[in-house]
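Spelled out, the chains give:
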Amino acid sequence: MRVSDFDFDLPDEQIARFPAEERTGSRLLCLDGDSGKIAHRQFADIESFLNPGDLLVMNNTRVIPARLFGRKETGGKLEVLIERVLEEKKVLAHVRSSKSPKPGSRIYLADDNITAEVSGRQGTMFLIDFDEPVLPQLQTFGHMPLPPYIDREDGSADRLRYQTVFAEKDGAVAAPTAGLHFDEALLERLEQKGVNKAFVTLHVGSGTFQPVRVDDIADHEMHSEYIEVSEEVCQAVRETRARGNKVVAVGTTSVRSLESASASGDIQPFTGDTDIFIYPGYPFRSVDAMITNFHLPQSTLLMLVSAFSGQEAILNAYNEAVKEGYRFFSYGDAMWLTRKEG
């Protein structure tokens, strides 16, 4: 299966560079995986697709303001994008500068308010030791790590809107964007309807935006991300499916978390890194329906939703979305997908 099999043309003006005025104000393209039938709705209509007893599984990761700007001790400018906080004062990060900083060298960030030392390399990334605990400094001086296709500087509004209302655990450097469409009022209405909620954690890394650089997708080496799936979540999934209700994953990160925990066939608690790569032919074990945004051409996430609802149906739906003027990617519109059986 070739990477080129997952391509579509997208006009630049349909890339959403700002969120909708209201979280629930996005459009919702609904795709039935079995029939390929498409319907056009509003996101607030998601209530009509969920029944009492269904389980909504959401990713409670919190995006950290992971981008910092500064200088090397030699004076050259640099940009730091933290990929993962390893310890209270140690991170793994991407560093962009005209010349890479050497291990043992000092760096000065946020107008010299933050000082740190480059302690080593790990592949293409750098190990950086901060003089003070990292997370409090990021909250004060860091910039929200907007995706590369949102080609503007981050603003104060992004601290709120590039974060789900149920974000709880610091660690992501990209938002679980399907969750951005939910506000407190919608969650309250779903609870009153009898829709259950469960939370997994997947700290989304910047690798989610990396292109697939091989022709045959089977040769692609997937990036790793940290996940937590508790026994409580596993039990909720088992009970939901046993009584014939739907397990609905909010976003591809929730899908990857649940399916990683289900690798043995029966869902089991899982804490650690996952590099699960889901593409057509994958047998889904725990997810019956999903809510997701529109993904980049030729991306692993487009391959995941193609595995879920059928490659032909997904590409047809994407082309329909382009034709109908939907807004794409992180701040864009959403999809409701049901699984293609067989």
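The paragraphs below set out a description of the structure included in this document. These figures come from a predicted structure and were not determined experimentally.

### Here we look at the nonpolar core
Counting residues in hydrophobic clusters, the biggest one holds 66 residues, and the most contacted among them are Y162, L258, Y318 and F328. Of all the elements, helix α7 (residues 311-323) adds the most residues to this core, at seven residues. With residues up to four places along the chain from it excluded, the contact list for Y162 reads V63, M144, P145, L146, P147, A174, A175, L180, F209, S330 and Y331. In this structure, V95, I114, I128 and V134 belong to the second largest nonpolar core, which totals 22 residues.

### Let's talk about the pairing of strand β6 (residues 77-85)
As paired elements, strand β5 (residues 67-72) and β6 share five bridges and run antiparallel to each other. For G70, the partnering residue across the bridge sits in β6 and is L78. Linkage of β5 to β6, two consecutive antiparallel strands, is achieved through a turn of four residues, within which G75 is found at a positive phi near 105°. Both β6 and strand β7 (residues 90-97) contribute to a ladder of seven bridges, which runs antiparallel. Of the residues in β7, the one forming a bridge with E79 is R96.

### Comments concerning α7
Because an α-helix packs 3.6 residues into every turn, residues spaced three or four apart end up facing the same way. Across its 13 residues, α7 extends 18 Å between first and last C-alpha, which sits within 8% of the 18 Å expected from 1.5 Å per residue. Those residues of α7 that fall on the buried side of the exposure criterion are A313, I314, L315, A317, Y318, A321 and V322. The inward-facing, buried residues of α7 contact β1 (27-31), β2 (38-42), β16 (289-293), α6 (300-309) and β17 (334-338). Two residues or fewer past α7, G325 is found with a positive phi of approximately 75°.

### Let's talk about the packing of aromatic side chains
Tallied over the full model, the rule gives 16 aromatic pairs. Look at F284 and F308: their rings are 5.0 Å apart centre to centre, the planes differ by 90°, and that puts the pair in the edge-to-face class. Of the two residues, F284 is situated in the loop between β15 (270-274) and β16 and F308 in helix α6; the sequence distance between them amounts to 24 residues. Using a relative accessible area of 13% as the deciding quantity, one classes F284 as buried. We classify F308 as buried; its relative accessible area is 0%.

### A look at helix α3 (residues 184-193)
Those residues of α3 that sit buried are L186, L187 and L190. One side of α3 holds all its buried residues, which, seen down the axis, span an arc of 100°. Exposed residues on α3 whose side chains face more than 90 degrees from its buried face are E184 and Q192. Looking at the packing, one finds that the buried side of α3 touches β3 (55-59) and β12 (196-202). Just past α3, the residue G194 takes up positive phi, approximately 100°.

### Observations regarding the pattern of salt bridges
In this structure the tally under the stated criterion is 21 salt bridges. Between E79 and R96 there is a salt bridge whose closest N-O contact spans 3.8 Å. In this pair, E79 is assigned in strand β6 and R96 in strand β7, connecting sequence segments 17 residues apart. Owing to a relative accessible area of 62%, R96 belongs among the exposed residues under this scheme. Linked by salt bridges that have partners in common, R241, D288, R339 and E341 make up one network.

### Concerning the sheet that holds β2
If you trace the nine strands from one edge of the open sheet to the other, you get β2-β1-β17-β16-β14-β3-β12-β13-β15, paired in mixed fashion. Either end of the sheet is taken by a strand with one partner, and the two such strands are β2 and β15. On average, each strand axis in the sheet is tilted by 25° relative to the strand beside it, whichever way the strands run. Note: strand β13 (residues 225-229) against β15, five bridges, orientation antiparallel. In the strand pairing of β15, Y226 is matched with D273. The strands that α7 touches are β1, β2, β16 and β17; relative to β1, the one it contacts most, it runs at about 150°.

### A closer look at the packing of helix α5 (residues 252-261) against α6
As a packed pair, α5 and α6 sit with axes 11 Å apart at the nearest point and diverge in direction by 65°. It follows from the interaxial angle that α5 and α6 lie roughly perpendicular. Both α5 and α6 take part in a crossing whose hand is left-handed. Each of T252, V255 and R256 in α5 lies in contact with α6, whose residues at this interface are L301, L304 and V305. Residues that form the contact of α5 with α6 fall into these classes: four nonpolar, one polar and one charged.

### As for the packing of α6 against α7
As a packed pair, α6 and α7 sit with axes 7 Å apart at the nearest point and diverge in direction by 120°. When the interaxial angle is binned, α6 and α7 end up oblique. Here L302, V305, S306 and S309 of α6 come into contact with α7, specifically with Q311, A313, I314, L315 and Y318. Grouping the constituent residues of the contact of α6 with α7 by class yields six nonpolar, three polar and no charged.

### Section: the side chain of T253
By the element assignment, T253 lies in helix α5. With relative accessibility at 10%, the residue T253 sits in the buried group. Beyond its immediate sequence surroundings of up to four residues, T253 is in contact with N59, P176, L202 and V204.

The rules we used
Residues numbered from 1 in each chain as written. Predicted model: local features only at pLDDT ≥ 70, side-chain atom pairs only at ≥ 80, totals over all residues. Heavy atoms only, no water. Core = buried A, V, L, I, M, F, W, Y, C linked by side-chain atoms within 4.5 Å. Buried < 20%, exposed > 50% of the residue type's maximum accessible area, 1.4 Å probe, protein only. Helix = DSSP H or I, 4+ residues; strand = E, 2+ residues; numbered from the N terminus. Contact = heavy atoms within 4.5 Å. Pairing = 2+ DSSP bridges. Expected span 1.5 Å × (residues − 1). Phe/Tyr/Trp six-rings, centres within 6.5 Å; stacked < 30°, edge-to-face > 60°. Arc of directions from axis to C-beta. Salt bridge = Lys/Arg side-chain N within 4 Å of Asp/Glu carboxyl O. Axes fitted to C-alpha atoms, helices over the stretch in contact; angles between N-to-C directions. Parallel < 35°, antiparallel > 145°, perpendicular 65-115°, else oblique. Left-handed = near helix turned anticlockwise from the far one by under 90°. Nonpolar A, V, L, I, M, F, W, Y, C, P; charged D, E, K, R; others polar.

By themselves, these observations are geometric and do not establish any function.
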